[in-house]
Amino acid sequence: MSKYTKEQLAAILEPVGQTQVLRFWEKLAPAEQEHLGDQITSIRWAEVSRWSQNALHGGESTGIPLEKLVPAPYAPLKPENAAQSATQAEAIAVGEELLRQGKVAGFTVAGGQGTRLGYDGPKGTYCFSPVRNKSLFQYFAEALLRNMEKYQTVIPWYIMTSPANHQATVEFFEDNGYFGLDKANVRFFIQGQLPGFDQNGKAILEAPGSLALFANGHGGTLAALRDSGTLDDMEARGVEYLAYWQVDNPLVSVCDPLFLGLHHLSGSEMSARALIKRDAMEKLGHFCILDGQTIIVEYSDMPMDLLKQTDESGRLRFRAGSPAIHVISRQFIRRLTNGTLALTPHRALKKISYVDENGALVKPEAPNGIKLEFFIFDALPLAKNPMILEADRSEQFAAIKNPAGSDSPDSCRADLQERTAKWLEVAGVAVPRKADGSLDATLEISLKRAVCAADVKALVDDGVIAKAIPAGGTLVLD
Ligand code: UTP
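Throughout, residues of each chain are indexed from 1 in the direction in which the sequence is written. Local features in this predicted model are restricted to residues whose pLDDT is 70 or higher, and side-chain atom pairs enter the listing and the counts only when it is 80 or higher, whereas totals over whole chains, interfaces and linings include all residues. With hydrogens and water excluded, all non-hydrogen atoms of the structure serve as input to the side-chain values.

1. Let's talk about the site of the ligand
This is how it is decided: Proximity is defined per residue: any heavy atom of the residue falling within 4 Å of a molecule or strand makes that residue near it. Polar contacts, as counted here, are pairs of nitrogen or oxygen atoms within 3.5 Å of one another; within protein the pair requires one atom able to donate a hydrogen and one able to accept it, and residues that are adjacent in sequence qualify only if both atoms are side-chain atoms. Residue-level accessible areas treat just the shown protein chains as cover; the underlying method is Shrake-Rupley with a 1.4 Å probe. Any residue that is not Ala, Val, Leu, Ile, Met, Phe, Trp, Tyr, Cys, Pro, Asp, Glu, Lys or Arg is counted as polar, Gly included; the first ten are nonpolar and the last four charged.
Within the structure, the ligand sits among 17 residues, and Val-109, Thr-115, Arg-116, Gln-191 and Lys-401 are positioned closest to it. Contacts to the ligand include Gly-112, whose backbone N or O atom sits 2.9 Å from an oxygen atom. For the ligand, the protein covers 87% of the area, taking 570 Å² as the surface of the free molecule. When grouped by side-chain class, the residues that make up the shell around the ligand number 5 nonpolar, 9 polar and 3 charged.

2. Digging into the pairing of strand 20 (residues 387–390)
Keep this limit in mind: Think of it in three bands: residues with accessible area under 20% of the maximum for their type are buried, residues over 50% are exposed, and the middle band is partly exposed, with areas taken using a 1.4 Å probe on protein chains only. The helix and strand labels rest on DSSP assignments: H or I over at least four residues marks a helix, E over at least two residues marks a strand, and numbering proceeds from the N terminus. The criterion for strand pairing is that DSSP finds at least two bridges linking the strands in question.
Judged by which residues are buried, strand 20 turns out to be covered on both faces: Met-387 and Leu-389 on one side and Ile-388 and Glu-390 on the other are all buried. Relative to strand 20, strand 11 (residues 270–276) is paired through 4 bridges, and the arrangement is parallel. The residue of strand 20 that forms the bridge with Ser-271 is Met-387.

3. With respect to the sheet that holds strand 6 (residues 197–198)
Worth spelling out the cut-off: Contacts were defined at the residue level, with two residues in contact if any of their heavy atoms lie within 4.5 Å. All axes here are fitted lines through C-alpha atoms, helices being fitted over the stretch that makes contact, and every angle between N-to-C directions spans 0 to 180 degrees.
Sheet architecture is open: 3 strands sit in the order 6-19-16, paired in antiparallel fashion. In this open sheet, the two edge strands, each paired with only one partner strand, are strand 6 and strand 16 (346–350). Pairing of strand 6 with strand 19 (residues 369–373) involves 2 bridges; the strand directions are antiparallel. Within the sheet, the bridge partner assigned to Asp-198 lies in strand 19 and is Gly-369. The sheet strands contacting helix 3 (residues 45–57) are strand 6, strand 16 and strand 19, and the helix crosses strand 19 at an angle near 120°.

4. Details of unusual backbone geometry
Here the phi dihedral of Asp-291 falls at roughly 50°; this positive angle occurs in a residue that is not glycine. By the element assignment, Asp-291 lies in the loop between strand 12 (285–290) and strand 13 (293–297). Its relative accessible area of 57% is what places Asp-291 among the exposed residues. For Asp-407, which is not glycine, the phi torsion reads 50° and is therefore positive. For Asp-407, the position within the fold is in the loop between helix 12 (393–396) and helix 13 (409–426).

5. Notes on the side chain of Gln-417
You can see Gln-417 is positioned in helix 13. Gln-417 gets classed as buried once you look at its relative accessible area, which sits at 12%. In this structure, Gln-417 is in contact with Pro-130, Leu-439, Ala-441, Thr-442 and Leu-443, ignoring residues within four places of it in sequence.

6. Quick notes on the layout of surface pockets
Stated formally: A 1.4 Å probe that fits into a set of points on a 1 Å grid over the protein atoms alone but cannot get out defines a cavity; an open set with protein on both sides within 12 Å along at least five of seven lines defines a pocket, and lining residues are those with an atom within 4 Å of a point. Grid points are joined across faces, edges and corners, and a volume is the space filled by probe spheres set on the points.
In this structure, the second largest pocket encloses a volume near 790 Å³. Together, 29 residues line the second largest pocket, and Ser-253, Asp-256, Glu-395, Gln-396 and Cys-452 are the ones closest to its centre. Mapped by element, the contributors of at least two residues to the lining of the second largest pocket are helix 4 (82–100), helix 5 (136–151), helix 9 (257–265), helix 12 and helix 13. Counting residues per element, the lining of the second largest pocket draws most heavily on helix 5, which supplies 4 residues.

7. Focus: the environment of Ser-353
Residue placement: Ser-353 occurs in the loop between strand 16 and strand 17 (354–355). Ser-353 sits in the partly exposed class, given a relative accessible area of 25%. In sequence terms Ser-353 and Glu-80 are 273 residues apart; their C-alpha atoms lie 54 Å from each other.

8. Remarks on the packing of helix 1 (residues 6–13) against helix 2 (residues 30–41)
As a reminder, the rule being used: Roughly parallel means an angle under 35 degrees; roughly antiparallel, over 145; roughly perpendicular, 65 to 115; everything else is oblique. Working rule for handedness: look at the near helix, and if it is turned counterclockwise from the far one by less than a right angle, call the crossing left-handed; if clockwise, right-handed.
Packing of helix 1 against helix 2 brings their axes to within 11 Å, and their N-to-C directions diverge by 30°. When the interaxial angle is binned, helix 1 and helix 2 end up roughly parallel. The handedness of the crossing between helix 1 and helix 2 is left-handed. On helix 2, the residues that touch Leu-9, Ile-12 and Leu-13 of helix 1 are Gly-37, Ile-40 and Thr-41. When grouped by side-chain class, the residues that make up the contact of helix 1 with helix 2 number 4 nonpolar, 2 polar and no charged.

9. A few points about the packing of aromatic side chains
Short version of the rule: Each Phe, Tyr or Trp ring, with Trp reduced to its six-membered ring, pairs with another whose centre is within 6.5 Å; inter-plane angles below 30 degrees give stacked pairs, above 60 give edge-to-face pairs, and intermediate values give tilted ones. The rule for a charge over a ring is simple: NZ of Lys or CZ of Arg within 6 Å of the ring centre, and within 35 degrees of the ring normal.
Inspection of every chain in the model, using the stated rule, returns 18 aromatic pairs. Ring centres of Trp-51 and Phe-374 lie 5.3 Å apart, and the angle between their planes is 85°; on these two criteria the pair is classed as edge-to-face. Of this pair, Trp-51 sits in helix 3 while Phe-374 sits in the loop between strand 19 and strand 20, and the two are 323 residues apart along the sequence. Trp-51 sits in the buried class, given a relative accessible area of 10%. For Phe-374, a relative accessible area of 10% puts it in the buried group. Taken together through their ring pairs, the aromatic side chains of Phe-137, Phe-140, Trp-157, Phe-172, Phe-173, Tyr-178, Phe-179, Phe-188 and Trp-245 make up a single cluster. The ring of Phe-259 has Arg-273 lying over it, and the distance from NZ or CZ to the ring centre is 4.9 Å.

What follows is the structure in structure tokens.
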């Protein structure tokens, strides 16, 4: 006997017109009934139905009055005057002190499905590094280890997973001894899910006794931080700031003192790094101001004329793009999640497998339904004093999204090795290059040893790294 009756569940579903999900009820085994009942009772149907109806009937328009958009100002990475130089020096000192005092935690969103990469497993377990074939998770772990050593501190690491990849993620860390991190300082939590809907707004069954549920987007972070007790954990540890990054960007500087310090000094509740777009068509979200508030407008929502507009100096007017690197204050998350969250999910048209009237699984050839996803950057306009700081792309960003071409493991490896080469060259090492300027060596320095140019210089000065690398050679430092 299941703990639910059909009538009980129908009473929940009737007001929102979703009783079709009970159509196989009589044929389900008790365990299946229980599973479906658990799913149904975990969903706030009134709210979710409103979102799905808006998503289905809201049309293509985002509702953003595009004519009112202006580019958001950002702080340049290279100071442009003495005052900016002084502010940056102060910010670096403040950021380092925040790290030393244990006020910063690392935070990785790792709940995505990584559909584009097509890798079967949590994306963080994907191995990619040039020589040692390390995983993305190992990269971040080693960067955290070096920062902890440098600042003689503990940097807790929070990792958001999804129901689909949680177990495999935790097992990966267990199997790999947490890559040398203290297990007590690594905390996983699972993000929420939302049902997928067909074009008529009906929740989809992926099996006769199971709703098709999907991770609710990286914006699911906020509620999940609260619901999982992670905010309480931060509070208990005295952590004030989350350094936020995505699981597929191994170049990210996990704890950048300048960024942390500027966030603190500017009284910002949520800050963001900005990449200067390579060209008008680069697919990054755009930092904009709308009615005095900082927002990110997705690439697909920007009309061509705005994408291509240039300013008086000939540069793209909307050139600040988002690599999804943030600092978020704990107090802000507490404030945002102290009641019901004001975020609205975005819709994505997707192919969603469903069961037909006979209970057989159908895999559609074309998008047949919608998924709802919250975006973390929708919290930006709700933050006080949001601060945007330019990032050096070659130092901070090389994402792994696609199996080949741009934003692929190959392009990421190349960018990673270029960064290592740059750090080596700054330290006076002769790095072999081919006639076209490309690298003629394979390079991998563990982030455990060096997370910046200064770290590499110290290793060169100490004789740990030789001053020259033979053409076609390999430099590995574990
Ligand atoms: P993407 O938007 O690139 O999605 O996620 P994805 O699922 O990784 O990849 P595709 O689109 O299916 O190919 C950006 C970041 O947000 C996280 C991802 O893990 C990645 O770090 N994310 C995304 C979540 O944590 N939860 C989600 O529900 C979605």
